[in-house]
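Structure at a glance
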Amino acid sequence: MIEWRADGVATLNDGMFYSQRERIVTLARENRLAGVHPETAFVEAGGLISYGPSLPDLFRRAASYVGKILKGEKPADLPIEQPTKFEMVVNLKTARTLGLTVGRDFLLRADEVIE
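A brief structural summary. Predicted model, so just to flag it, every value in this text is computed and none were measured.

Its identity is not glycine, yet R5 carries a phi of approximately 55 degrees, on the positive side. Looking at where R5 falls in the secondary structure, it is placed in the segment before β1 (8-10). Note on R5: relative accessible area 75%, which makes it exposed. We note that R32 has phi near 55 degrees; this positive angle belongs to a residue other than glycine.

Structure below.
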């Protein structure tokens, strides 16, 4: 990240990134890079911001699919769905560590703010 003179880091929604989230957010913070991540767990580990589909909502919706299949519906007949609920989480402690000011309007749009 430093060699490429990055201004920030964005991770993808991938098992490898998720399993290394502690290391990723630590390296980003140590190198004073803002990070945007797809899951709340990154922000809970010290990342700056996460924005992505609500996992609890996705799990509930998946459970309804399982219910339909158990009741006899064919999986191929079920419609493909896209996420409809997204969550944004901001870590103000990390923002302060990076010397960033997060505006009030931005914080009002967040679903959760970690102080």
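Time to look at empty space enclosed by the protein. A complete count under the given rule lists 1 cavity of 30 Å³ or more for this structure. For the largest cavity, the calculated volume is near 40 Å³. At the level of elements, α2 (21-30) and β2 (34-37) are the ones that each hand at least two residues to the lining of the largest cavity.

Along α2, the residues that are buried comprise I24, V25 and A28. End-on, the buried residues of α2 take up no more than an arc of 90 degrees, which puts them together on one face. Turned more than 90 degrees away from the buried face of α2, the exposed residues are R23 and E30. Positive backbone phi, at 55 degrees, marks R32, one or two positions downstream of α2.

This part covers the pattern of salt bridges. Going through the model one piece at a time under the given rule, you end up with 3 salt bridges. Among the salt bridges present, the one from D57 reaches R61, with a minimum N-O distance of 3.8 Å. One end of the pair, D57, and the other, R61, are both in helix α4 (residues 55-70), 4 residues apart, so they sit about a helical turn from each other. The burial state of D57 is the same as that of R61; both residues are buried. For R61, the salt bridge identified is with E81, shortest N-O distance 2.5 Å. You can see R61 sitting in helix α4 and its partner E81 sitting in the loop between α4 and β4 (86-91), a full 20 residues away along the chain. Given a relative accessible area of 18%, R61 falls into the buried group. Since its relative accessible area comes to 40%, E81 is described here as partly exposed.

The rules behind each value
- Residues numbered from 1 in each chain as written.
- Predicted model: local features only at pLDDT ≥ 70, side-chain atom pairs only at ≥ 80, totals over all residues.
- Heavy atoms only, no water.
- Helix = DSSP H or I, 4+ residues; strand = E, 2+ residues; numbered from the N terminus.
- Buried < 20%, exposed > 50% of the residue type's maximum accessible area, 1.4 Å probe, protein only.
- 1 Å grid on protein atoms, 1.4 Å probe; cavity = no way out; pocket = protein on both sides within 12 Å on 5 of 7 lines; lining within 4 Å.
- Points joined across faces, edges and corners; volume = space filled by probe spheres on them.
- Arc of directions from axis to C-beta.
- Salt bridge = Lys/Arg side-chain N within 4 Å of Asp/Glu carboxyl O.

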